[in-house]
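Geometric and topological summary
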Amino acid sequence: YDDDSDDYGFEDDGYGGYAPPRAFNIRQALHEQQQQQFRQLYSAYPIAAYMDNKADANYGGKIFMPPSALEDLSHRDVVYPLLFKLQNDNQPAGSPTKRTHCGVLEFTAEEGRVYLPQWMMETLGLSPGSVIEVINVALLRGAMVKLQPQSTDFLDISDHRAVLENALRKFSALTVGDIIAFEYNGREYKVAVIETQPSPTAINIVETDLTVDFAPPVGYVEPTRPETAASGSSAHSRPSSGIARDIRRREEKAKDERAGSRFAAFRGSGNRLSSRSVSRAGAGADDGRPPSVRSYASNSLEAEGEAKKHVPEGDLPVPLDLPVGTLFFGYDLALPPGAEALEASAEDAEKFHGAGRVLRQRRKR
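About the thresholds
- Residues numbered from 1 in each chain as written.
- Predicted model: local features only at pLDDT ≥ 70, side-chain atom pairs only at ≥ 80, totals over all residues.
- Heavy atoms only, no water.
- Core = buried A, V, L, I, M, F, W, Y, C linked by side-chain atoms within 4.5 Å.
- Buried < 20%, exposed > 50% of the residue type's maximum accessible area, 1.4 Å probe, protein only.
- Contact = heavy atoms within 4.5 Å.
- Helix = DSSP H or I, 4+ residues; strand = E, 2+ residues; numbered from the N terminus.
- Arc of directions from axis to C-beta.
- Pairing = 2+ DSSP bridges.
- Axes fitted to C-alpha atoms, helices over the stretch in contact; angles between N-to-C directions.
- Phe/Tyr/Trp six-rings, centres within 6.5 Å; stacked < 30°, edge-to-face > 60°.
- Lys NZ or Arg CZ within 6 Å of the ring centre and 35° of its normal.
- pLDDT = per-residue confidence, 0-100.

In the nomenclature of an unreviewed UniProt entry, the protein is known as Ubiquitin fusion degradation protein of Coemansia erecta.

Have a look at this one:
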């Protein structure tokens, strides 16, 4: 049949005026798909230099696009989350096209412009105002990524997992060959993406569990250790095991330091109001508890035992043993010497002596 016409040579006999279904045209299907795909040319500018109020987006993997792009995408059959391929076709003859993948943060840029992070401008070899093509694409959900730090300063981070999780939240896609940048504690760190799975070129990392592996940083020297036959063979089979062990060792050390500085209740020793000090050897030796956890009763018994050591045996108080049901209200009063004579003389003294007086005389009947 003629590919440029709609005449497929079918005649109107036995089909009620309608031709049978057309044969599938691959070229036409690809043409229709390209018509549905979002493809636009924009002038690229760095975020840090032209958007002062959006400086935090400079360390991430999302761009700013104009509102017309959102209106155009709303009329197309697109896959969410929105992912775009950025490619720079203005390359010397024979040089490969530079490309990367990203998400979109806002549709607030001026018409005809897109704003990119600085690391993305460097990856694509762009200068402010260079023309770039933005294409809407769909990527496979990522399962694994292998990163290579661009300096040994990356090893100074105490918790690599937490830092990377926080940094990669600002990215929607990772592309093999990119050198992404993130900020931590006021310092900039750069990491190269050298491998992705399941796609060998780019992956989608939005709301996915990602396994991260590390290659030795640029300039990293493996510390010398005594080698055995087994360790030598494993080192040749897994060249990145050394850096992985080093990172795990540093993370375990940081966790131990945090655990040591964490608050724990009932730590230390107890203090008394008296001047006597409590010996730690005898205190809490039987139950394994520190002195500060022992009860007041146990401390009182111990103090009583210490006091008995310094009192003569004859002066020790006798324990009070009473039968069951008997109440004790105290010992008999013991008067001091000479108190009995004073009490007897007081009883013999005359009390209330003298004559009485009345204000009114009583009448006799």
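Met65, Phe84, Leu86, Leu116 and Leu174 are the most contacted members of the largest nonpolar core, which totals 46 residues. Here Met65 is in contact with Phe38, Tyr42, Phe84, Val104, Glu106, Phe107, Thr108, Ala109, Arg113, Val114 and Val134, once residues within four sequence places are set aside. Core analysis: the second largest hydrophobic core is formed by seven residues, Tyr45, Met51, Ala109 and Tyr115 among them.

Let's shift gears to the environment of Met121. Within the secondary structure, Met121 is located in helix H4 (residues 118-124). Looking at Met121, the relative accessible area reads 2%, which means it is buried. With 74 residues separating them in the primary sequence, Met121 and Ile47 have C-alpha atoms 9.7 Å apart.

Our focus in this paragraph is helix H5 (residues 160-168). Taken residue by residue, H5 has His160, Val163, Leu164, Ala167 and Leu168 as its buried positions. Down the axis of H5, the buried set is contained in an arc of 120°. They therefore lie on one face. With respect to the buried face of H5, the exposed residues turned more than 90 degrees away are Arg161 and Asn166.

Across residues other than glycine, the phi torsion is negative in most instances, and most of the peptide bonds are trans. In this model, Tyr80 is joined to Pro81 through a cis peptide bond whose omega is 0°. Within the secondary structure layout, Pro81 lies in the loop between helix H3 (67-74) and strand S3 (83-88). A cis amide bond links Gln197 with the next residue in sequence, Pro198, at an omega value of 5°. For Asn185, which is not glycine, the phi torsion reads 55° and is therefore positive.

Take the sheet that holds strand S7 (residues 144-149) next. Here four strands make up an open sheet; going across it, the order is S9-S10-S7-S12 and the pairing mixed. Sheet topology places strand S9 (179-184) and strand S12 (211-214) at the edges, where each strand pairs with a single neighbour. Strand-to-strand, the axes of this sheet are offset by a mean angle of 40°, without reference to chain direction. In this structure, S7 lies alongside S12, joined through four bridges in parallel fashion. Counterpart to Met144 in the pairing with S12 is Thr211.

One pair of aromatic rings is described through two measures. These are the centre distance and the angle between the planes. Scanning the entire structure with this criterion turns up seven aromatic pairs. An angle of 20° between the planes, with centres 5.7 Å apart, marks the rings of Phe182 and Tyr189 as stacked. Tyr189 shares its class with Phe182; the two are buried. Members of the aromatic cluster, connected to one another through ring pairs, are Tyr45, Tyr50 and Tyr115. It is Arg113 that lies over the ring of Tyr45; its NZ or CZ is 4.1 Å from the centre.

The subject of this paragraph is the confidence of the model for the protein. Averaged over every residue, the pLDDT of the protein is 75; residues scoring 70 or more account for 65%. Within the model, pLDDT remains below 50 along residues 1-19, and this stretch shows twelve contacts once partners closer than five positions in the same chain are excluded. Contacts for the low-pLDDT stretch residues 280-285, under 50 throughout, to residues beyond four places or in other chains number nine contacts.

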